[in-house]
Amino acid sequence: SLLAAAHLFQRIRRKPLQPGQSFRCSRQVFDHFQMQFQDLKKECFWAVLLDGKNRILKLVRISEGTLTSSLIHPREVFRPAIEEATSGVLLVHNYPSGDPAPSDENKRITTRLVETGRVVGIRVLDHVIIAADSYFSFADQNLL
């Protein structure tokens, strides 16, 4: 019965994002995605597309990489955002290694994505890196 309860808890925690929901802080992003990312062996990069009131429109998987990297290009991030006429994006990706500290490349691509967003008129609200039991938020660290 303990195993059944644990599976039920995991299913509840893995609720899919619903259009109209919103995240109010990076901790909510971590709480939502942690369980979904815990079994991933490769880095995956996601964009949560948001409307003008920062409500969720859609979740889009942008790329799947290797154990330690994921290729990201602004074109792939902003194509679905432009197609869905979004106002903002929330970027999320996992670190299977367990340490959410951003690499220099993560910092560079985040800066590039923020700049691209300004050009096309789509705000990047945050980039959250999720590890096993911790996370890093670029917005919380004033790096956007």
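Residues numbered from 1 in each chain as written. Predicted model: local features only at pLDDT ≥ 70, side-chain atom pairs only at ≥ 80, totals over all residues. Heavy atoms only, no water.

**Q** Quick question: what am I supposed to make of the packing of aromatic side chains here?
**A** Geometrically, a pair of aromatic rings is defined through the distance of the ring centres and the angle of the planes. Going through the model one piece at a time under the given rule, you end up with 2 aromatic pairs. Ring centres of Phe-30 and Tyr-135 lie 5.0 Å apart, and the angle between their planes is 25°; this geometry places the pair in the stacked category. You can see Phe-30 sitting in helix H2 (residues 26-37) and its partner Tyr-135 sitting in strand S5 (residues 135-137), a full 105 residues away along the chain. Its relative accessible area of 2% is what places Phe-30 among the buried residues. (Phe/Tyr/Trp six-rings, centres within 6.5 Å; stacked < 30°, edge-to-face > 60°. Helix = DSSP H or I, 4+ residues; strand = E, 2+ residues; numbered from the N terminus. Buried < 20%, exposed > 50% of the residue type's maximum accessible area, 1.4 Å probe, protein only.)

**Q** What's the story with the pairing of strand S2 (residues 56-64) in this structure? I'm lost.
**A** Along any regular strand, the residues point their side chains to alternate faces of the sheet. Taken together, the 7 bridges between strand S1 (residues 44-50) and S2 define a ladder with antiparallel strand orientation. Within S2, the position partnered with Cys-44 by the bridge is Glu-64. (Pairing = 2+ DSSP bridges.)

**Q** Would you explain the pairing of strand S4 (residues 123-130) in this entry?
**A** Counting buried positions along S4 yields 6 of 8 residues, so the element is predominantly enclosed. As paired elements, strand S3 (residues 88-94) and S4 share 7 bridges and run parallel to each other. Of the residues in S4, the one forming a bridge with Leu-90 is Asp-126. As for the winding sense of the linkage, the β-α-β connection from S3 through helix H4 (residues 104-120) to S4 is right-handed. Relative to S5, S4 runs antiparallel, the two sharing 3 bridges. Across the sheet, the residue bridging to Ile-130 is Tyr-135, located in S5. Between the end of S4 and the start of S5, which pair antiparallel, lie 4 residues. (Right-handed = clockwise from strand over helix to strand, strands pointing away.)

**Q** Which parts of the structure should I look at to understand unusual backbone geometry?
**A** Its identity as a non-glycine residue notwithstanding, Ala-85 has a phi of 55°, on the positive side. For Ala-85, the position within the fold is in the loop between helix H3 (74-83) and S3. Unusually for a residue other than glycine, Asn-142 sits at a positive phi of about 55°. Checked against the element boundaries, Asn-142 lands in the segment after S5.

**Q** I keep staring at H2 and nothing clicks. Help me out?
**A** Along an α-helix, a turn takes 3.6 residues, which lines up residues three or four apart on a common side. For H2, which comprises 12 residues, the first-to-last C-alpha distance of 15 Å matches the rise-based estimate of 16 Å (1.5 Å per residue) to within 8%. Of the positions making up H2, those classed as buried are Ser-26, Val-29, Phe-30, His-32, Phe-33, Gln-34, Met-35 and Phe-37. (Expected span 1.5 Å × (residues − 1).)

**Q** Would you mind showing me how to read a nonpolar patch on the surface here?
**A** Taken together, Ile-82, Val-119 and Val-120 make up a surface patch of nonpolar side chains, about 290 Å² in accessible area. The residue Val-119 is located in helix H4 in this model. Under the relative-accessibility criterion, Val-119 is labelled exposed at 72%. (Patch = residues over 30% accessible without salt bridge, like charges linked within 9 Å, V, L, I, M, F, W, Y side chains within 5 Å. Areas by Shrake-Rupley, 256 points an atom, 1.4 Å probe, with all protein chains shown as cover. Salt bridge = Lys/Arg side-chain N within 4 Å of Asp/Glu carboxyl O.)

**Q** So what exactly am I meant to see when it comes to the environment of Val-120 here?
**A** Within the fold, Val-120 resides in helix H4. For Val-120 and Phe-78, which are 42 residues apart along the polypeptide, the C-alpha to C-alpha distance reads 8.5 Å. Apart from residues lying up to four places away in sequence, Val-120 is in contact with Phe-78 and Ile-82. (Contact = heavy atoms within 4.5 Å.)

**Q** It is not clear to me how the pattern of salt bridges should be interpreted in this structure. Could you clarify?
**A** Once the charged atoms of two side chains with opposite charge are near each other, the side chains can pair. Tallied over the full model, the rule gives 5 salt bridges. With a shortest N-O distance of 3.2 Å, Arg-75 and Glu-76 are connected by a salt bridge. For Arg-75, a relative accessible area of 48% corresponds to the partly exposed category. On the basis of relative accessible area, Glu-76 is assigned to the partly exposed category, the value being 28%.

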